[in-house]
Structure formats: C-alpha cells, structure tokens
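Chains, contacts and geometry: an overview
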Amino acid sequence: MSDVYIIGAGQVPVTREAVQSLREMSASAVTNALKDANVEKVGALYIGNMISGRLCSQNQLGAFTAMAAGLRGIEAVSVEAACGSGAAAARWGFMAVSGGFHDSVVVAGIEMMTHMPREETTTALATASDWDFEGAHGETFVSLNSKIMSAYMEKYGVSGDAFGGFPITAHENACGNPNALFHKRIDSEVYLKSQHIDGPLRLFDASPICNGSAALVLGNRKMALAAQREGKPVVQITASSMGTDSLGLHERKDPLVLEGMRSSVGAAYEQAGLSPKDIDVFELHDAYSIMATLSIEMAGFAKPGQGTWLARDGEIRRDGSIPICTMGGLKARGHPVGASGIYQMVEAYQQLAEQAGENQVANARIAMAQNIGGTGATVVTHILERTH
C-alpha cells in the first residue's frame, strides 16, 4: 500500500442561482484543483454525484467532466452513494493511489439542484431512502430526520431548543468562508423564532438546496515530495473507511444508533492509530441538527444523549474542544449533495494547510471528515494529518 496525500484543492462558490452550468461548475472545480497542485495530467478522475441523471438529464459525469476539464482519454467514472457520493468518490481515488494503480488522481463532487421545482428536487432526494417503504409513502428527508429528532428528544429528555448551537455555530463560521452560501449570523432568538417545518424540526435545523462543485488532487509519496519542494504543505490521508446500514429506518433496531457510522469511524480510528482525543477538527455531516448530534456522539466526542451539550457550551466552536464545520458545514456553506463530501475534505485540508483565513483553528494537525448518505445508510470517514 502506498501513502496517499492531498496535493491540490479547488472549489466554486456554493449558490442558489444557476450561475454556471453543470459542465462549467465541474470543470472549474477540477481545473482549480489541478492548478493548485501544479499538475497538468492525472491518471484518473472519480466524481461524486447523486441526482444529475434525474434533474439535469445527464449521466456519465466521469467522461463528461474529464472532457470539459481538458482530461479527455483518462480513466473517469462517476460514483453514487446518495449524499455520501463525494466522499465515496474520494475513497475510490484513495484506493487507486494507495493500490499503486495511479500516481495521482482527481476526486470531485458536483450537484446542480436549484433549477428544477422544489417538489421535484425533494422527490429526487427521497430516492436515497427505502423507496418502497418510505419515499413512495410521502416520506422525505425532512420528515425522516424529524422522526429521528423526536425519538432523540423523547429518549433523552432533550427539548427542541437544545439543538440551536449547531446552526448558530455553522452560520458564524460561514461568515468567514467566501465560498459559503450564507453570510448571515443567527442567534438563539432567531433560531427559536424560526418556523417548524416538520414536528420539532425547525427551518434552521435543515440544510439548504443549492449548487456547487469541489475537487482534490490526490497523489503518492513521490508527488507529495515534489509538492513539498515547491513549498506546499504535506497533508496525508491516513484513513479511509466506509460503513453501511439499512436504508429504511423501520429495519433498524434503534433509529438513534447509526451502525454504518459506528463501523466507519471505528475503522478510521484503527487505520490511523488514533482516538477521538487526537482529532483537532471534525468536518461532520450536519445536513440536519440531529445528524450533527448523533455524529458527535457516535464518533466518541460525547456520550449518548449529551451531544447537544457540546453545542450549547460552545465546545464545537473554532476555539472549543472539538471544532466542527469550521467553514460553515452543510447547514451554512451549503449542501449540494453529491459535492458535500469533497467540500468537507477541501475544508479539512485548508485547516491543516493553514489556509483557512479568519476561520483558522490554531495548531490544527489532524482532521476528520465524515460524509453521510441518506439517514446513515452509507457513511464515509477520512482522517487527514499534516506531516510537514
């Protein structure tokens, strides 16, 4: 197995408007990453996407993006794992480099969601649920996460206002990220006044529908040493793991125990030889406040039922004990679903490379990024370490 490093990163701003076409967005992110890495050619391109076949009438995004980005002829394929598609593509790229198949690859994510009626986009997203038992009966990810949130509140005696620390922190962090969708701070009063969109789930507990694309260049040790000679930071991916669970909530023994997340993060800690106390930054999947809560707990930063306490006490802020979503997360940077996992890894890389600007976490050396598909059916975890 070869060591795998990040040697370049690129992204486009997350938007609600169709500023660029699908072709332009994906090509921009990839070419930005190649330019940052000072690399013209790579061996392969792996691109995460969930619903462009349905919303944009465009599949084969591997070849589509390779052509648009001037990489015609290379190995290129798209990867689908619902909202976890971006990190799944990164895992494919990690395996390609670590297995010695390529010296360098590009991994990317792309999603365009706002050009279609909201109802159609919502239905497309629901295909990541167990359609026969959930989506076909009108369930959406809003309603499914509302059910999980209700179960959490009932089991642990937590009130709905306890979750506010997650979106409040996300919006604060997004104000320092020029590529984030929202640049508006909120406080507890704004959070509590926001409308309930389903059961206890408030508007500020849910991530927005938006467009975006991000990319990374991954390389082997030879590529990393060349980058180091150019004065670039050396950031290694020391763990890459994936876990799965049932798509449908009805098939789980306990909706508050995400087995896919537990197996994914456990394998990542084992691969890297680390534990929760070693992580300086955690880019978690805060598509909904309840998922942020469960991620904090399943990753070992809080005991079950105590995840909201970390948010309430400010421990998830950039100066807290476990900074999360340091560039705004899915909630405030935005959640262009197939691209979110790559945005997370780009932002983790920025922290370790000391390129996070005013959002920089002091002395960050180890970061973890976790991307979730559906309500936890697919969970991909990566650990990054600054080695020079």
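The text that follows walks through the structure, step by step, so that each part is easy to find.

Conventions and cut-offs
Residues numbered from 1 in each chain as written. Predicted model: local features only at pLDDT ≥ 70, side-chain atom pairs only at ≥ 80, totals over all residues. Heavy atoms only, no water. Helix = DSSP H or I, 4+ residues; strand = E, 2+ residues; numbered from the N terminus. Buried < 20%, exposed > 50% of the residue type's maximum accessible area, 1.4 Å probe, protein only. Polar contact = N/O pair within 3.5 Å; in protein donor to acceptor, adjacent residues only side chain to side chain. Salt bridge = Lys/Arg side-chain N within 4 Å of Asp/Glu carboxyl O. Contact = heavy atoms within 4.5 Å. Axes fitted to C-alpha atoms, helices over the stretch in contact; angles between N-to-C directions. Parallel < 35°, antiparallel > 145°, perpendicular 65-115°, else oblique. Nonpolar A, V, L, I, M, F, W, Y, C, P; charged D, E, K, R; others polar. Patch = residues over 30% accessible without salt bridge, like charges linked within 9 Å, V, L, I, M, F, W, Y side chains within 5 Å. Areas by Shrake-Rupley, 256 points an atom, 1.4 Å probe, with all protein chains shown as cover.

1. Thoughts on the side chain of Ser146
Its location among the elements puts Ser146 in helix H6 (residues 141-156). Assessed through its relative accessible area of 3%, Ser146 is described here as buried. Polar contacts involving the side chain of Ser146 include one to the main-chain carbonyl oxygen of Asp198, which spans 2.8 Å.

2. Notes on the pattern of salt bridges
Taken as a whole, this structure holds 11 salt bridges when the rule is applied. The shortest N-O distance in the salt bridge between Arg185 and Glu172 comes to 3.0 Å. One end of the pair, Arg185, is in the loop between helix H7 (165-174) and helix H8 (188-193); the other, Glu172, is in helix H7, and 13 residues separate them in sequence. On the accessibility criterion, Glu172 (24% relative accessible area) is partly exposed.

3. Re the side chain of Ser207
Looking at where Ser207 falls in the secondary structure, it is placed in the loop between strand S6 (201-202) and strand S7 (212-219). Setting aside anything within four residues of it in sequence, one finds Ser207 in contact with Ala287, Leu330, Lys331 and His335.

4. Notes on the packing of H6 against helix H11 (residues 289-298)
Viewed as axis vectors pointing N to C, H6 and H11 meet at an angle of 55°, and their least axial separation amounts to 9 Å. Considering their axes alone, H6 and H11 lie oblique with respect to each other. Of the residues in H11, those touching H6 at Asn145, Ile148, Met149 and Tyr152 are Ile290, Met291, Thr293, Leu294 and Glu297. Partitioning the contact of H6 with H11 into residue classes produces 6 nonpolar, 2 polar and 1 charged.

5. Structural notes on a nonpolar patch on the surface
Taken together, the side chains of Val77, Trp92 and Met95 define a hydrophobic patch exposed on the protein surface, amounting to about 250 Å² of accessible area. Along the chain, Trp92 falls in helix H4 (residues 85-98).

Read these as layout, nothing more, since geometry by itself doesn't imply function.
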